[in-house]
Protein chains: 2
Amino acid sequence: MLDSIQIVKPADIEKRSMEIITSELNGRTWPDPEFGIVKRCIHTSADFDYADNLCFSENAAKLGMEAIKRGAHIVTDTRMAWSGINKKKLESFGGQAHCFMSDEDVAAEAKERGCTRAAICMERGAALEGEVIFAVGNAPTALIRLYEMIEAGQVKPALIIGAPVGFVNVVESKELIMKAGIPFIVPRGRKGGSNIAATICNAMLYQI
Amino acid sequence: MLDSIQIVKPADIEKRSMEIITSELNGRTWPDPEFGIVKRCIHTSADFDYADNLCFSENAAKLGMEAIKRGAHIVTDTRMAWSGINKKKLESFGGQAHCFMSDEDVAAEAKERGCTRAAICMERGAALEGEVIFAVGNAPTALIRLYEMIEAGQVKPALIIGAPVGFVNVVESKELIMKAGIPFIVPRGRKGGSNIAATICNAMLYQI
């Protein structure tokens, strides 16, 4: 029964996986930091739709990587994405990963104001000192609140990773954030998720 | 710009999403706890492939839910899946969610024995007192080690959620675990992930 299992050293599994992905992309390619992001999203999901749906504003990955090198923070709307981000690597450049979703005062304020915790979470991120990359893996309302704050001149993110997943307002919130005039990386359409938001962050971290 | 956004109360978003998923499944249906799992996997990934790839051994979801009600633990191979599992709900039945992946002694033992941390993590889970559900969202080696331990009579899991994702040994490890004679829920093929492993756990928790 165990005969079908290939003997591959743990360290070689990722390399082999990336070779398989590159080969199945049939010669399709992207400029360098973007290509790394496309491959890693496929690696995380085994879903080649990410080769078609990922949208990058001009030099988005490069701008994100430069911000990280200057010590930018990453703010995310889910604990799962926060867990997935390589925090040791991020902290080696001086930044930190933040998720305010389970803070008690965030829940209280969301209830009082009748909005989502994710929206408040983005406001907390906007109040941080220094540069901020927002990595949204769940809530369209986070992207909508970011858009409103950008329009009002209250925040100027270094980069927005707009990867909520789902069926209600997800498509629309992504289209909105791509028009905010801020560097973005967005899997267009319904797909995305905490795993995708985290993996895009890590793909940038690993390519610095 | 904000005109395209539907006004939906946070509490109604999940309900609306499930209606959309049900409608796009075009009348396809499953027995009850399984249907909830299929829908929630699609909800988490926006990927209808889960309607085709999810495999359930007989009564797998029911058996898992009964084990949870008796206080079964859930052991997972990723911090992201651990983060995603509704631990409050699980703990209300007496069980706990465990992930041993970042334990220092696990890393040391894996290095010493030349195997993966995920394999050791499964051994730690097998040593827990009481019933255990294993929820694998990343490492094929976790499923392979579980299979070996089951064959050797060293562990008898209440349920195995076999959802590693990727390109090397993933397909094979899933086929293997489905032959172990233990109740299973497995998205056959390459797809899966921490988000899917966690969402299958939560789909059971929410249907109890």
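Residues numbered from 1 in each chain as written. Chains lettered and ligands numbered in written order. Predicted model: local features only at pLDDT ≥ 70, side-chain atom pairs only at ≥ 80, totals over all residues. Heavy atoms only, no water.

Comments concerning the overall build of chain A
(1) Moving on: For chain A, the helix and strand inventory stands at 11 helices and six strands.
(2) Moving on: What you see for chain A is a C-alpha radius of gyration of 17 Å, in line with the 17 Å of a compact globule of 208 residues.
(3) Moving on: Oriented by its inertia axes, the alpha-carbon framework of chain A measures out at about 60 × 35 × 30 Å.
(4) Moving on: Across chain A, contacts joining residues at least 24 apart in sequence account for 63% of those joining residues at least 6 apart. (Helix = DSSP H or I, 4+ residues; strand = E, 2+ residues; numbered from the N terminus. Rg over C-alpha atoms; globule rule 2.2 N^0.38 Å. Contact = heavy atoms within 4.5 Å.)

Some remarks on the relation of the copies chain B and chain A
(1) Moving on: The two copies are related by a screw motion: chain B maps onto chain A through a turn of 180° and a shift of 0.0 Å along the axis, at an RMSD of 0.0 Å. Between the two chains, the operation in question is that of a two-fold axis. Looking at the rotation axis and the C-alpha trace of chain B, the residue lying nearest is Met-80 of chain B, at 2.5 Å. (Least-squares fit on C-alpha atoms with pLDDT ≥ 70 in both.)

A few points about the pattern of salt bridges
Residues and elements named next belong to chain A.
(1) Moving on: Summed over all chains, the structure comprises 32 salt bridges over all chains.
(2) Moving on: Across the pair Glu-66 and Lys-62 runs a salt bridge whose closest N-O atoms are separated by 3.6 Å. Of this pair, Glu-66 and Lys-62 both sit in helix 4 (residues 60-69), separated by four residues, roughly a single helical turn.
(3) Moving on: Owing to a relative accessible area of 44%, Lys-62 belongs among the partly exposed residues under this scheme.
(4) Moving on: A salt bridge links Arg-188 to Glu-175, with the nearest nitrogen and oxygen atoms 2.7 Å apart. Of this pair, Arg-188 sits in the loop between strand 6 (184-187) and helix 11 (194-207) while Glu-175 sits in helix 10 (residues 170-177), and the two are 13 residues apart along the sequence.
(5) Moving on: Judged by relative accessible area, which is 43%, Arg-188 ranks as partly exposed. (Salt bridge = Lys/Arg side-chain N within 4 Å of Asp/Glu carboxyl O. Buried < 20%, exposed > 50% of the residue type's maximum accessible area, 1.4 Å probe, protein only.)

Focus on the interface of chain B and chain A
(1) Moving on: Facing 43 residues of chain B, the contacting portion of chain A comprises 43 residues.
(2) Moving on: Summing both sides of the interface, chain B and chain A together bury roughly 3,600 Å²; the carbon and sulfur share of this comes to 69%.
(3) Moving on: Residue Asp-47 of chain B pairs with Lys-191 of chain A through a salt bridge whose shortest N-O separation is 3.9 Å.
(4) Moving on: Taken together, chain B and chain A are joined by four residue pairs in polar contact (both at pLDDT 80 or more).
(5) Moving on: Counting residues per element, the ones that place at least two in the side of chain B that touches chain A are helix 1 (10-24), helix 2 (32-45), helix 5 (79-84), helix 9 (140-151), helix 10 (170-177) and helix 11 (194-207) of chain B. (Buried area = accessible area lost by both parts, 1.4 Å probe. Polar contact = N/O pair within 3.5 Å; in protein donor to acceptor, adjacent residues only side chain to side chain.)

Focus on the pairing of strand 5 (residues 159-162) of chain A
Residues and elements named next belong to chain A.
(1) Moving on: Burial along strand 5 is two-sided: the residues Leu-159 and Ile-161 and Ile-160 and Gly-162 are all buried.
(2) Moving on: The sheet contact formed by strand 4 (residues 132-136) and strand 5 spans four bridges and is parallel. The residue bridging Ala-135 from the neighbouring strand is Ile-161, located in strand 5.
(3) Moving on: The parallel pair strand 4 and strand 5 is bridged by helix 9 (residues 140-151), and the resulting crossover is right-handed.
(4) Moving on: Bridging between strand 5 and strand 6 involves two bridges; their strand directions are parallel. Within strand 6, the position partnered with Ile-161 by the bridge is Ile-185.
(5) Moving on: Of the crossover connections in this fold, the one passing from strand 5 over helix 10 to the parallel strand 6 is right-handed. (Pairing = 2+ DSSP bridges. Right-handed = clockwise from strand over helix to strand, strands pointing away.)

Here's the deal with unusual backbone geometry
(1) Moving on: Phi at Asn-169 of chain A takes a positive value of approximately 65°, unusual for a residue other than glycine.
(2) Moving on: Mapped onto the secondary structure, Asn-169 of chain A falls in the loop between strand 5 and helix 10.
(3) Moving on: Under the relative-accessibility criterion, Asn-169 of chain A is labelled buried at 7%.
(4) Moving on: With phi around 60°, Asn-59 of chain B is a residue other than glycine that occupies positive phi space.
(5) Moving on: With respect to the helices, strands and loops of the structure, Asn-59 of chain B is situated in the loop between strand 1 (54-56) and helix 4 (60-69).

What to know about the confidence of the model for chain A
(1) Moving on: Summing up the model confidence of chain A, the mean pLDDT is 96 and the portion of residues at 70 or higher is 100%.
(2) Moving on: Under the prediction, the complex receives an ipTM of 0.95, its pTM being 0.96. (pLDDT = per-residue confidence, 0-100.)

A word on the sheet that holds strand 3 (residues 97-98) of chain B
Residue and element names in this part refer to chain B.
(1) Moving on: The sheet built from six strands is open, its strands ordered 1-6-5-4-2-3 with mixed pairing. Of all the strands in the sheet, the pair left with one neighbour each is strand 1 and strand 3.
(2) Moving on: Relative to strand 4 (residues 132-136), strand 2 (residues 73-76) is paired through four bridges, and the arrangement is parallel. When the bridges of strand 4 are listed, Val-75 appears paired with Phe-134.
(3) Moving on: The strands touched by helix 2 within the sheet are strand 1 and strand 6 (184-187), with strand 1 carrying the most contacts at an inclination of about 160°. (Axes fitted to C-alpha atoms, helices over the stretch in contact; angles between N-to-C directions.)

Regarding the packing of aromatic side chains
(1) Moving on: A full pass over the atoms with the stated rule returns four aromatic pairs over all chains.
(2) Moving on: With a centroid separation of 6.1 Å and 85° between ring planes, the pair formed by Phe-48 of chain A and Phe-167 of chain B is classed as edge-to-face. Here Phe-48 of chain A, found in the loop between helix 2 (32-45) and helix 3 (50-53), pairs with Phe-167 of chain B, found in the loop between strand 5 (159-162) and helix 10, and the two come from separate chains.
(3) Moving on: By relative accessible area, which is 8% here, Phe-167 of chain B ends up buried.
(4) Moving on: Over the aromatic face of Trp-82 of chain A sits the side chain of Arg-79 of chain A, whose NZ or CZ is 4.4 Å from the ring centroid.
(5) Moving on: Lying over the aromatic face of Trp-82 of chain A, Lys-87 of chain A brings its terminal NZ or CZ to 4.2 Å of the ring centre. (Phe/Tyr/Trp six-rings, centres within 6.5 Å; stacked < 30°, edge-to-face > 60°. Lys NZ or Arg CZ within 6 Å of the ring centre and 35° of its normal.)

Let's talk about helix 4 of chain A
Two residues of an α-helix separated by three or four positions point the same way, owing to the 3.6 residues in each turn.
(1) Moving on: Every buried residue of helix 4 of chain A is accounted for by Ala-60, Ala-61, Gly-64, Met-65, Ala-67 and Ile-68 of chain A. With its buried residues spanning 160° around the axis, helix 4 of chain A presents them on a single face. (Arc of directions from axis to C-beta.)

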